[in-house]
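A look at the structure
Take a look at the letters that make up each chain.
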There are 2 protein chains.
Amino acid sequence: MEHIEAIKEFGGWLNRYCHDSVSCHCAMTFSVYLPPQAATEKVPAVYWLSGLTCTDDNFRVKAGAQRYAAELGLALVIPDTSPRGAEIPDVPDRYDLGQGAGFYVNATQPPWSKNYQMYDYVTRELPALVEAELPLIPGLRSITGHSMGGHGALVCALKEPGAYQSVSAFAPICHPMASGWGQGCFKAYLGNDRESWAAYDTVRLIEAGATTMPLLIDQGTADEFLSQQLHTPSLERVCAARKIPLTLRMQDGYDHSYHFIATFIGEHLAWHAQALRAA
Amino acid sequence: MEHIEAIKEFGGWLNRYCHDSVSCHCAMTFSVYLPPQAATEKVPAVYWLSGLTCTDDNFRVKAGAQRYAAELGLALVIPDTSPRGAEIPDVPDRYDLGQGAGFYVNATQPPWSKNYQMYDYVTRELPALVEAELPLIPGLRSITGHSMGGHGALVCALKEPGAYQSVSAFAPICHPMASGWGQGCFKAYLGNDRESWAAYDTVRLIEAGATTMPLLIDQGTADEFLSQQLHTPSLERVCAARKIPLTLRMQDGYDHSYHFIATFIGEHLAWHAQALRAA
C-alpha cells in the first residue's frame, strides 16, 4: 500500500493510503489515525463506516474523533464507501446508487459485481492489510458507523461473530429492505430476489437468529430521515423479541449531520475502548 | 437578522444568520454557537476569524471547538471572511484576493471600498448586532483566528484596546506587508502608499507602540506557509523589543490545516475562558 498523506493531529498521525484492492478490482483509498501510543506499541482499532456520498475524508475532518482516539489509545480505520474511478460502474446523477453508495454488500449482479465487493473489503481485505502493515493488534477490532455505515457496522458484527469486540451505530439504516435507499441499492447490487437481500438487513438477520454483543445506538429525534429511511422501531422490536441487549438513545433535537456524530462520538469510542481493553 | 439554520450540538445550538450589513453594503452570513448555558443566562463570546477561502462553515465543521465551548460556557461568533455575492467585486481566479480574502481591513480603493469594510464589520457592526439579539454579555469578548484570521485577531486586539479580554492566534500572518498574500490584498484594498498598510500590520503596530494583553500563538513547524507568508520571527523580535508578553508555541510536526487547529483549539478556548471569567 502507498502512504499518500500524513498529518499530525493530537500527537498522533492521520494517514491516508492507497492500494490495489483484490476484492474491488480497483485502487482504494482509506485513512488510518494512529494515536500517540502507536509510536511505541501496537494498539486496537475502531473501524468507522461512513454514510452515503462520503469518502474517507468526511469522518476524519468533521467528527472530532481523533481527540478521543488519542486519549484512549485507539486507531481509527476509515475506508471509503465504495469502489471509485472512471472505470467503475456508477450512476452519476444518483447520490444513493453506485460510487459513494456501496452499502457494504458483495454485489452479485452485473455491472456491479466485479467491483462492488465492499463487505469482503471491509471485513476481510482491509483488516488483513492494515494489521500486517501498521502497528495494530491483530484481531482486536470494534466497528461503528453512520447511516448507511451504521447499517454496515451492525451487519458486519452480526455476520462475523467474534470478529469485533463491540459494535455501535449512529442513526443506522436498521432495515434497508424497507427503506428507499436500501431497496434501490439492494435491487441493483443483489437482484430482484428480495429474500437474498435479507443477508444484509439487520432486522432480518436478528429475526433469523443472529446474535451479537450489546448494541449501542444513538438516534436524533430531529433526524430528517428517521421516519422514512431508518426504521429504528423495527430494530427495537426484533431486539426485544430476540433478547438482544440494545441501548437505543433517542437524542432529543439532534439531526442526521456530523454535528450529531461529533456530539456523541466520544461516548462511543469510550464504549469501544472498554470492550477492547477487556478482550 | 434572519435565523436561517439551527443545529443541535453538544447540548447547545449552532445557529446561522443572515443580515443586511451596513458596513459592507450587502447581505452577510455568520454563525454563532450558543452553549447549553445560554439557554438560561448570558454568556461571553469568543470571535473566530477564518483564513483565506473560508466562509463561516469551515471552522464550525472542522475545528471541533463546540465541544470545548459547551464545556466552558462560551459562545463562538464566526463571521465570513469577506463580503460576498454576484454584485460584490471579486477576482474569480484568485483565492487570495476579493471574495474569501477580505483581510479584515477597511478598503479605501475602488472598486473594493464600498463593500470590503471587514474591519468595521468585525469590530463594530457584528458585535453590536449579536449582543443586541442573542444571549451574550455585552462587551465581554475575546478573539482568535487562523492564518489571515490570526492576523485579523491580532490587529483587532492591538487597534481596539479594551474591546477584547484576550487574544490568541493559530499560524497568523504576523507581518502581512512582508508576505505575498498580504501585499496583494493591501495594494488592492489600501492602494500604493505602503505606509498606509502599517495600520493593519501586527509587526508594524507593535513597533509603533501598540500594546496588548499577553499573546498566545500556536505555530506548526511543518506549516508549508511558515517561511514565506507568516513571518513569525519578526513578531517574536518586536514583542521582545517592546516587552509584549508573547507565548509562542512552535508545535513540532504540525501543518497549516484544521487538524492542527483542532489539536490546540481546546487550550485556546480555555485560555480565553480564564480571561473572560476574570473580567
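Note: the structure precedes this text.
First, a word on scope: everything that follows refers to the structure included in this document. (Residues numbered from 1 in each chain as written. Chains lettered and ligands numbered in written order. Predicted model: local features only at pLDDT ≥ 70, side-chain atom pairs only at ≥ 80, totals over all residues. Heavy atoms only, no water.)

A look at the interface of chain B and chain A
Frequently, the measure chosen for interface size is the accessible area that the parts lose on association. Rules: By definition, residues are in contact when any of their heavy atoms lie within 4.5 Å. A simple way to read buried area is as the amount of 1.4 Å-probe accessible surface that goes missing from two parts once joined, with both sides added. When a carboxyl oxygen of Asp or Glu lies within 4 Å of a side-chain nitrogen of Lys or Arg, that pair is called a salt bridge. Counting of polar contacts relies on pairs of N or O atoms within 3.5 Å, with two restrictions inside protein: one atom must be capable of donating a hydrogen and the other of accepting it, and residues adjacent in sequence are counted only when both atoms are side-chain atoms. The secondary structure listing takes helices from DSSP runs of H or I that are at least 4 residues long and strands from runs of E that are at least 2 residues long, numbered from the N terminus. Each residue receives one of three labels: charged for Asp, Glu, Lys and Arg, nonpolar for Ala, Val, Leu, Ile, Met, Phe, Trp, Tyr, Cys and Pro, and polar for the others, Gly being one of them.
Each partner contributes residues to the interface: chain B has 21 residues there, and chain A has 21 residues. Both faces considered, chain B and chain A share a buried interface measuring about 1,800 Å² in area, 53% of it formed by carbon and sulfur atoms. The largest per-residue losses of area from chain B upon contact with chain A belong to K8, R67 and H259 of chain B, which jointly make up 34% of the total buried on that side. Connecting chain B to chain A are zero salt bridges. Our count for the contact surface shared by chain B and chain A stands at ten residue pairs in polar contact (both at pLDDT 80 or more). Elements with a contribution of two residues or more to the side of chain B that touches chain A: β1 (2–9), β2 (12–21), α1 (57–62), α2 (65–72) and α10 (258–278) of chain B. Looking at side-chain class alone, the side of chain B that touches chain A contains eight nonpolar, six polar and seven charged residues.

Remarks on helix α9 (residues 232–242) of chain B
All names here are of chain B. Threshold: Using a 1.4 Å probe on the protein chains alone, a residue whose accessible area is under 20% of its type maximum counts as buried, one over 50% counts as exposed, and one in between counts as partly exposed. It is the directions from the helix axis to the C-beta atoms whose arc is reported.
All buried positions along α9 are accounted for by T232, S234, L235, V238 and C239. Seen from one end, α9 has its buried residues packed into an arc of 155°, which puts them on one side. Relative to its buried face, α9 has exposed residues pointing more than 90 degrees away, namely P233, A240 and A241. Among the structural elements, α7 (202–207), β8 (215–220), α8 (226–230) and β9 (246–251) are those in contact with the buried residues of α9. Two residues or fewer past α9, K243 is found with a positive phi of approximately 60°.

Quick notes on the relation of the copies chain B and chain A
For clarity, the threshold we go by: Each copy is superposed on the other by least squares, with the fit set by C-alpha atoms of residues at a pLDDT of at least 70 in both.
Screw-axis analysis of chain B against chain A gives a translation of 0.0 Å along the axis, an RMSD of 0.0 Å, and a rotation angle of 180°. In the structure described here, the two chain copies are related by an operation that fits a two-fold rotation axis.

Section: helix α10 (residues 258–278) of chain A
All names here are of chain A. To keep it simple, the criterion reads: Residue count minus one, scaled by 1.5 Å, sets the expected span of a helix. The angle separating two fitted axes, one through the seven residues that finish at a residue and one through the seven that start at it, defines the bend at that residue.
For α10, built from 21 residues, the straight-helix expectation of 30 Å at 1.5 Å per residue is met to within 8% by its first-to-last C-alpha distance of 29 Å. Largest kink in α10: about 45°, centred on F264. Between the side-chain oxygen at the start of α10 and the backbone nitrogen of H259 there is a gap of 3.1 Å, and the oxygen is on S257.

So, the packing of aromatic side chains
The condition that has to hold: Here the aromatic set is Phe, Tyr and Trp, taking the six-membered ring for Trp, and pairing holds for ring centres within 6.5 Å; pairs whose planes are under 30 degrees apart are stacked, those over 60 apart are edge-to-face, and all others are tilted. Whether a charge lies above a ring is judged from NZ of Lys or CZ of Arg, which has to be within 6 Å of the ring centre and within 35 degrees of the ring normal.
Counted according to the given criterion, the structure contains 28 aromatic pairs over all chains. Arranged with centres 5.3 Å apart and planes meeting at 25°, the rings of Y116 of chain A and Y189 of chain A form a pair that is stacked. With Y116 of chain A in the loop between β5 (75–79) and α3 (118–133) and Y189 of chain A in helix α5 (residues 180–190), the pair connects residues that are 73 residues apart, well separated along the chain. Seen from their ring centres, Y254 of chain A and F264 of chain A are 5.0 Å apart, and the 70° between their planes marks the pair as edge-to-face. With Y254 of chain A in the loop between β9 (246–251) and α10 and F264 of chain A in helix α10, the pair connects residues that are ten residues apart, well separated along the chain. Exposure class is identical for Y254 of chain A and F264 of chain A. Each is buried. Chaining the aromatic ring pairs together yields one cluster made of W48, F59, F170, Y254, F260 and F264 of chain A. Over the ring of Y119 of chain B we find K159 of chain B, and its NZ or CZ is 5.4 Å from the ring centre. One residue, K159 of chain B, lies across the ring of Y200 of chain B, its end atom 4.6 Å from the ring centre.

Re the pairing of strand β8 (residues 215–220) of chain A
All names here are of chain A. Our working rule: Two strands pair under a simple rule: DSSP has to find at least two bridges between them.
Of all six residues that make up β8, six are buried, and the element is covered over most of its length. Alternating residues of β8 divide into L215, I217 and Q219 and L216, D218 and G220, and every residue in both groups is buried. In this sheet, β8 lies alongside strand β7 (residues 167–170) in parallel orientation, the contact comprising four bridges. Across the sheet, S168 pairs through a bridge with L216, a residue of β8. Here β8 runs beside β9; their pairing, made up of six bridges, is parallel. Paired with G220 across the strands is Q251, a residue of β9.

Quick look at the packing of helix α2 (residues 65–72) of chain A against α10 of chain A
Residue and element names in this part refer to chain A. We apply this condition: Working convention: axes come from line fits to C-alpha atoms, limited for helices to the stretch in contact. Angles between N-to-C directions cover 0 to 180 degrees. In what follows, roughly perpendicular refers to angles from 65 to 115 degrees, roughly parallel to angles under 35, roughly antiparallel to angles over 145, and oblique to any angle outside these ranges. Crossing chirality is assigned from the near helix's rotation relative to the far helix, an anticlockwise turn below a right angle marking it left-handed and a clockwise turn marking it right-handed.
As a packed pair, α2 and α10 sit with axes 9 Å apart at the nearest point and diverge in direction by 25°. The orientation of α2 relative to α10 falls into the category roughly parallel. The interaxial crossing formed by α2 with α10 has right-handed handedness. Contacts from A65, Y68, A69 and L72 of α2 reach α10 at A262, I265, G266, L269, A270 and A273. Here the residues of the contact of α2 with α10 are counted per class, giving nine nonpolar, one polar and no charged.

A few points about the side chain of R16 of chain A
Residues and elements named next belong to chain A. On the secondary structure map, R16 appears in strand β2 (residues 12–21). There is a polar contact of 2.9 Å between the side chain of R16 and the side chain of D56. Of note is the side chain of R16, whose polar atom sits 2.9 Å from the side chain of D57. Setting aside its immediate chain neighbours within four residues, R16 contacts E2, H3, I4, E5, T29, F30, S31, D56, D57 and R60.

Digging into the side chain of Q251 of chain A
All names here are of chain A. If you trace the backbone, Q251 turns up in strand β9. Residue classification places Q251 among the buried positions, given a relative accessible area of 14%. At 2.8 Å, the side chain of Q251 and the side chain of D218 are in polar contact. Apart from the residues lying within four places of it in its own chain, the contact partners of Q251 are D218, Q219, G220, T221, F260 and F264.

With respect to the environment of L205 of chain A
Residue and element names in this part refer to chain A. Relative to the elements of secondary structure, L205 occurs in helix α7 (residues 202–207). Residue classification places L205 among the buried positions, given a relative accessible area of 13%. Distance from L205 to N115, taken between C-alpha atoms, is 25 Å for residues 90 residues apart in sequence. Excluding residues that lie within four positions of it along the chain, L205 makes contacts with V155, L158, K159, A198, A199 and A210.

A closer look at the packing of helix α3 (residues 118–133) of chain B against helix α4 (residues 148–159) of chain B
Residues and elements named next belong to chain B. Where α3 meets α4, the axes come as close as 11 Å, and the angle between the chain directions of the two elements is 65°. Considering only the axes of α3 and α4, their crossing is right-handed. On the side of α3, the interface is formed by Y119, V122 and T123, while α4 contributes V155, C156 and K159.

Points about the environment of D120 of chain A
All names here are of chain A. Relative to the helices and strands, D120 is located in helix α3. On the accessibility criterion, D120 (27% relative accessible area) is partly exposed. Setting aside chain neighbours within four positions, we find D120 in contact with S23, N106 and E125.

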